[in-house]
Amino acid sequence: MATKLNSGGSGTRSSVAIFVVVGLCCFFYLLGAWQRSGFGKGDFIALQMTKGGADCNILPDLNFETHHGGEAGVVDDSDSTTKTIKPCDPKYTDYTPCQDQRRAMTFPRENMNYRERHCPPENEKLRCLIPAPKGYVTPFPWPKSRDYVPYANAPYKSLTVEKAIQNWIQYEGNVFRFPGGGTQFPQGADAYIDQLASVIPIKNGTVRTALDTGCGVASWGAYLWKRNVIAMSFAPRDSHEAQVQFALERGVPAVIGVLGTIKMPYPSAAFDMAHCSRCLIPWGVNDGMYMMEVDRVLRPGGYWVLSGPPINWRNFYKAWQRPMKELEEEQRKIEGIAKLLCWEKKSEKGETAIWQKRVNAESCRRSEDDSQATFCEAADADDVWYKKMEKCITPYPKANRDEDSEGEVKPFPERLNAVPPRIASGSIPGVTVDTYMEDNKTCKKHVKVYKNTIKIIDSGRYRNIMDMNAGFGGFAAALESPKLWVMNVVPTIAKKNTLGVVFERGLIGIYHDWCEAFSTYPRTYDLIHANRVFSLYKDKCNFEDILVEMDRILRPEGAVIIRDEVDVIVKVKKIVTGMRWVTKLMDHEDGPLVPEKILIAVKQYWVVGDNNSTSSQ
């Protein structure tokens, strides 16, 4: 049974078969033939499908012929040739295009510029498929993945040697074990978070989103998860190798990033808490520019945690093996900048200090000599993509300056579906409360269809999920579960800047331009959702480049959901036919007359040295 397209023109061209319509339940069941799990015993998908049986209902025929603009609404598929996209050389197994080490060394080292994003020009893009290393296996499901990562997936032992006494990571046979320790929490991340929770209201949902600068292997974020706090962790691609890769293998949100010369790719007033544990960021330099950038992304009322040197230097300078005067001056600068920012110190215990950003800074400004306070003049504090970091203080959101209740976010999980302050205050032109509520309703309907189609979507098999065009974060809100998290990406060319809304809902996300590579290692996402991404970028960059990047960041046997107009879907389908993806096309949930279609794909399992589209048994 096949669906056919009629080509346009004065006559009727021959029909082109798209592909056989197979029930998606059967599709995923049969796919289990080459899927793997933790140690090659059969992928979790296949096991779940085997337990549940195969309910192979055939989906209805797809109809392209009656609902498009132009002459009889036809689709031109006259160019039927399919290009095969070949595997990259095995040396690119862990390639990160915009953080390539060789390219990085050509940039200045001042202010960490060389470790920032530096993407390859068009003529240097690989345009090949990144292979998985030999022995690659499906990561363990959460929460086991928090503590164990298969060695084959990130075969780097340097951290086990360099951080051996700090209890970060241990190598045990064919797995890495993460005991939950860290430089600043030798008693474990749980005990350290308990210490923070004695000052910061972590338990009651007030603190939901956190930023971990210089995160290491992200144990802080990993252990915050069970307390219903989601942390965005970042660290540079550095000499330790794969810290961010380890974080994502563990199932913890993380990106490759650094505080350098450009602003962080997050909106203003986004995070409820920011954290640095021996993150090696020189907070006192450049007139406090890095602290000012943290202040920009920190929500009024939010908390900043600094753990390690120079805090309480009088008691610890000998252990740190650093001069007293140097540490004293470093802490003096930090304290001075915090005062300028109107942060109130709430605690200093051991090597950890906690400040709180005031909910309203006006009274602080009036009582202090603010002659040294320089305020940023940018019209849009969220316009940050490739924008230079500034030595200025970002003004508070209008709602907070006016002490308006609309500036407050509700505790989580209530805030997930409450009307976000940016929408309630009318801060986003053209977006109303009704617009937001309707989007929520639509996203819930979409996710219901996805769950009915891919029945394992919330089983725990998919942990790291990405929404490439997140809008208000409705897809992530509809999926909300302790088993998974969603990286909500708001494209820099999106008509409306909605990332602030995403954070106000208690979700996390990032700005990105899909004409470039994402700041992550290969094979770090289990499921990618692309809602009208290709329509958005139709005249901006090459579809093939976007799809090759999706393949790079998708795990073997990971799934992709692409929702778009039928003419776009046809072009995308033609490209992925040559990409070792197994695909299935579906009508819109409201029926075949709707011009929007859904393409679901699964990336086949293959590793370095495989010549076939599936792995050898």
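Residues numbered from 1 in each chain as written. Predicted model: local features only at pLDDT ≥ 70, side-chain atom pairs only at ≥ 80, totals over all residues. Heavy atoms only, no water.

Thoughts on the sheet that holds strand β16 (residues 525-531)
Alright, step 1. Across the sheet, seven strands lie side by side as β15-β14-β13-β16-β17-β19-β18; this open sheet has mixed pairing. Strands at the two margins of the open sheet, each flanked by one partner only, are β15 (508-512) and β18 (581-587). Each strand of the sheet is rotated relative to its neighbour by a mean of 20°, with strand direction disregarded.
Alright, step 2. Relative to strand β19 (residues 596-603), β18 runs antiparallel, the two sharing seven bridges. Counted as the bridge partner of D587 is K597 from β19.
Alright, step 3. Each of β16, β17 (554-565), β18 and β19 touches helix α15 (residues 433-453); the most contacted strand, β17, lies at about 135° to it.
Alright, step 4. On top of the sheet, helix α20 (residues 566-576) reaches β17, β18 and β19; it is set at about 155° to β17, its chief contact. (Pairing = 2+ DSSP bridges. Helix = DSSP H or I, 4+ residues; strand = E, 2+ residues; numbered from the N terminus. Axes fitted to C-alpha atoms, helices over the stretch in contact; angles between N-to-C directions. Contact = heavy atoms within 4.5 Å.)

Quick notes on the state of the cysteines
Linking two cysteines covalently via their sulfur atoms produces the bond known as a disulfide.
Alright, step 1. Here the structure, examined in full by the defined rule, presents five disulfides.
Alright, step 2. The residue that forms a disulfide with C98 is C119, at a sulfur-sulfur distance of 2.0 Å. Disulfide C98 to C119: torsion about the S-S bond roughly 110°, handedness right-handed. Note that C98 is positioned in the loop between α2 (44-52) and α3 (101-104) and C119 in the loop between α3 and α4 (144-147), a separation of 21 residues in sequence.
Alright, step 3. Paired through a disulfide, C276 and C279 show a sulfur-sulfur distance of 2.1 Å. The disulfide joining C276 to C279 has a torsion of about -90° about its S-S bond and is therefore left-handed. (Disulfide = S-S within 2.5 Å.)

Purely spatial values, then, with no claim about function.
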